[in-house]
Amino acid sequence: MEELQRKVGGAEDPLSELIRKSLTRSSIFRNREVLRADYIPGNLPHRWEHVRRLGEILVPSLKGMRPSNVFIYGKTGTGKTAVVKHVFKKFEEEAARLNLQLKFVYINCRVAGTEYRVLSELCAALDVKVPFTGLSKAEVMNRFRNALHRSEVLMVTCLDEIDHLVKSSGDESLYQLTRINEGSPGGLMSIVGVSNDLMFKEMLDPRVLSSLSEEEIVFHPYTAVELVDILSERAKAAFHDGVVSEGVIQLCAALAAAEHGDARRALDLLRVAAELAEREGAERVEERHVRAAFGVIEQGRIYEALSTLPLHGRIVLLAVYQCVRAGVQKVTTGAVYNQYRNVCAALGVEPLTDRRVSSIISELTMMGVLSSDVVSYGRYGRTRRIALNVPTEELENVFLNDEALSNLIELPVSEPKGA
Ligand SMILES: Nc1ncnc2c1ncn2[C@@H]1O[C@H](COP(=O)(O)OP(=O)(O)OP(=O)(O)O)[C@@H](O)[C@H]1O
Ligand SMILES: [Mg+2]
C-alpha cells in the first residue's frame with residue numbers, strides 16, 4: 001500500500017534511493033578511510049631514508065639529551081608531514097615504554113591560524129592554560145618559557161607549515177623560541193620546522209635561520225614510478241580486489257607527476273575517480289573515471305585560487321569578465337580600469353590607481369587566469385589586450401558565492417571615455 005502511494009505521487013523521493021544505496025555495502029571501497037587526507041599510513045614507500053635521517057637526529061632524546069633543531073623542506077605532497085608524524089609516533093611509544101620525561105608535540109601553524117594560537121598550543125602541551133584571547137603574545141611566551149624552565153621535560157616540537165607563522169607575524173616569536181633553552185635549569189625544547197615554501201629561508205633573520213637549521217632534510221618530488229608504489233600500497237587496503245587496475249594507478253601517477261610528484265594529488269585523483277565510478281554504479285574504476293576526476297579536481301583548484309584572491313583582485317577579475325560578456329570589442333587595460341571603477345563605485349570602495357590595477361592584471365596573468373598581449377593602436381600608443389583563460393561558468397560560480405560581489409554581476413559596462 002505504502003509502496004503504491006509513493007508510486008502514485010510520481011517519482012520516488014530521491015532521498016530514499018540515496019539512503020538505501022549508502023547503507024548497502026560498497027562494491028568499490030573496502031575501506032575509504034585509507035584515502036582520506038589525514039590518514040597516517042603504516043608504510044611509507046620511498047621515504048624510509050628520510051624516516052631514518054630524522055630518527056638519527058632525534059634519537060639523543062631517548063637518552064635524555066636535547067636533539068639539534070631540524071629544518072625540513074620540500075614541495076607540497078612530498079611526504080614531509082607523513083614522515084614527521086610517523087617518527088613522532090614511534091618515539092612517543094618508546095618514550096612511554098621507557099617512562100621518560102619526553103614529549104613530542106605536533107602543531108600545524110596554518111591550521112592554528114595565529115601566532116597566539118601556536119603559542120597557546122605550546123603552553124597546552126605543558127598543561128598551562130591560556131585564555132582564548134586577552135593576553136599579550138609576550139605574556140603567553142613568558143608563561144611558556146617559565147613552565148618549560150620549571151619542568152624537567154624534554155620537548156620536541158614540530159612546527160609544520162612554519163612559513164605561515166612567519167608570513168602572518170614575522171620571525172620574532174621564532175627567534176625567541178630558538179633561544180628558549182638559554183638559562184633553563186630544567187626543561188628544554190628542540191624544534192622540527194617544516195615548510196613547502198622554498199623561499200621561506202630568505203624571509204628569516206640569519207640568526208633564526210642558523211639555529212633553526214642546525215640540521216636540514218630535503219624532500220624531493222616523487223617520480224611517477226615512486227607514485228605508482230605509493231598508490232598501489234594504499235589501493236590494496238582501500239579497494240576490493242580487482243576494482244583498480246595497474247593501468248588506472250599508472251595514469252593517476254603520471255597525471256600527478258606531470259606538474260611535480262605530489263602524492264596528495266595522486267591520492268586525490270584515485271579517490272575522486274573511485275567516487276565517480278561508485279556514483280555511476282560501475283564495478284571497476286576505469287581510466288575514463290580518472291580523466292573525469294582530473295577535470296573535477298582542476299576546477300576545484302581554479303575555484304579555490306580565485307575565490308581566495310584579495311578584494312581588488314576579485315573586482316578586477318569581475319571587470320574583465322563583464323567586459324568579455326558584454327562583448328566589448330577590445331578588452332584593453334583602459335576598458336578594464338573603467339569598469340573596475342564602476343564596480344568600486346557600486347561597492348562604495350576607494351579604487352586603486354591605474355598602476356596598481358595594471359600590476360593586478362599582471363599578477364592574474366602570471367597565475368594563468370588571464371592572458372594579455374601588447375598591441376599598438378597607432379596614435380593612441382601601445383596598450384594591453386586582455387583575454388580570460390578560465391571557463392566563464394567557473395568564474396560565474398566564484399562570483400555567485402562571493403559575498404561582496406554577488407549582487408554586482410549584472411552591473412552594465414560603460415565604454416571608456418575617448419574610445
Ligand atoms: N611515501 C609515502 N607513502 C605513502 N603515502 C604517502 C607518502 N608520501 C606522502 N604520502 C601521502 O600523501 C599525502 C601527502 O603527504 P604529506 O601530507 O606528508 O605531504 P607534505 O609534504 O606534508 O605536503 P604539504 O607541504 O602540502 O604539507 C598524505 O596523504 C600522505 O599520507
Ligand atoms: Mg604537510
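Higher on the page you've got the structure.
Note that the coordinates shown come from a computational prediction; the quantities given were computed from them, not determined experimentally.

## Overview of the overall build of the protein chain
Regarding its fold elements, the protein chain presents 19 helices and 7 strands. Judged by the C-alpha coordinates and their principal axes, the protein chain covers about 75 × 65 × 45 Å. With 419 residues in all, the protein chain has 44% of them scored as buried. The contacts of the protein chain with a sequence gap of at least 6 include a subset with a gap of at least 24, amounting to 72%. Entry remark: accessible area of the protein chain is about 22,200 Å², with carbon and sulfur atoms responsible for 52%. Averaged over its 52 positive side-chain charges, the protein chain has a centre that lies 2 Å from the centre of its 56 negative ones.

## Remarks on the layout of surface pockets
Gaps left between atoms show up when a probe the size of a water molecule is rolled over them. Roughly 980 Å³ of internal volume is contained in the largest pocket. Counting residues per element, the ones that place at least two in the lining of the largest pocket are helix H4 (80-97), strand S2 (102-108), helix H5 (109-112), strand S4 (188-195), helix H12 (224-238) and helix H14 (263-279). The leading source of residues in the lining of the largest pocket is H4, at 5 residues. Of the residues belonging to the lining of the largest pocket, the class tally is 18 nonpolar, 10 polar and 12 charged. Approximately 540 Å³ is the volume found for the second largest pocket. Residue lining of the second largest pocket: Thr76, Glu259, His260, Asp262, Arg264, Arg265, Asp268, Ile297, Arg301, Glu304, Ala305 and Thr308, and that is the complete set. The set of elements that each furnish at least two residues to the lining of the second largest pocket consists of H14 and helix H15 (287-307). It is H15 that provides the largest number of residues to the lining of the second largest pocket, a total of 4 residues.

## Some words on the pattern of salt bridges
Per the counting criterion, the structure on display carries 28 salt bridges. The salt bridge partner of Asp163 is Lys167, with a shortest N-O separation of 3.2 Å. Note that Asp163 and Lys167 are positioned in helix H8 (residues 162-169) at a spacing of 4 residues, about one turn of the helix. For Asp163, a relative accessible area of 2% translates into the label buried. Note on Lys167: relative accessible area 48%, which makes it partly exposed.

## Points about the site of ligand 1
Taken together, 23 residues surround ligand 1, and among them Thr76, Lys80, Thr81, Tyr222 and Arg234 come closest. Backbone polar atom of Pro45 to a nitrogen atom of ligand 1: 2.7 Å apart, as the coordinates give it. In isolation ligand 1 exposes 620 Å². Once the protein is present, 94% of that is buried. Judged by the fraction of its atoms near the pocket grid, ligand 1 is located in the largest pocket. Going through the elements one at a time, H4, H12 and H14 are the ones with two or more residues in the shell around ligand 1. Residue composition of the shell around ligand 1, by class: 10 nonpolar, 7 polar and 6 charged.

Rules of the game
Within every chain, residues take consecutive numbers counted from 1 along the sequence as written. Chain A is the first chain written and ligand 1 is the first ligand written, with later ones labelled in order. Owing to the predicted nature of the model, reporting of local features is limited to residues with pLDDT of at least 70; listing and counting of side-chain atom pairs is limited to 80 or more, with chain, interface and lining totals taken over all residues. By convention in this description, side-chain values take in all heavy atoms of the structure and omit both hydrogens and water. Strands are runs of DSSP state E lasting at least 2 residues, helices are runs of H or I lasting at least 4, and numbering of each runs from the N terminus. Exposure is judged per residue with a 1.4 Å probe applied to protein chains only, and the accessible area is read against the type maximum: over 50% gives exposed, under 20% gives buried, and values in between give partly exposed. Contacts are residue-level and defined by heavy atoms, with any inter-residue pair within 4.5 Å sufficient. Accessible areas in this description were obtained via Shrake-Rupley with a 1.4 Å probe; residue shielding takes into account the shown protein chains only. Two residue types count as positive, namely Lys and Arg, and two as negative, namely Asp and Glu; His and chain ends fall outside the count. Here the site of a charge means NZ on Lys, CZ on Arg, CG on Asp, or CD on Glu. With a 1 Å grid spanning the protein atoms alone, the term cavity applies to any set of points in which a 1.4 Å probe fits but cannot get out, the term pocket to an open set with protein on both sides within 12 Å along at least five of seven lines, and the term lining residue to any residue with an atom within 4 Å of a point. Grid points are joined across faces, edges and corners, and a volume is the space filled by probe spheres set on the points. Charged residues are taken to be Asp, Glu, Lys and Arg, nonpolar residues to be Ala, Val, Leu, Ile, Met, Phe, Trp, Tyr, Cys and Pro, and polar residues to be all remaining types, Gly included. In what follows, salt bridge is the name for a side-chain nitrogen of Lys or Arg lying within 4 Å of a carboxyl oxygen of Asp or Glu. Residues are counted as near a molecule or strand when any one of their heavy atoms sits within 4 Å of it. N or O atoms within 3.5 Å of each other form a polar contact, as long as, within protein, one can give a hydrogen and the other can take it, and as long as residues adjacent in sequence are counted only when both atoms are side-chain atoms. Cavities and pockets are treated as containing a molecule whenever more than half of the molecule's atoms lie within 2 Å of their grid points.

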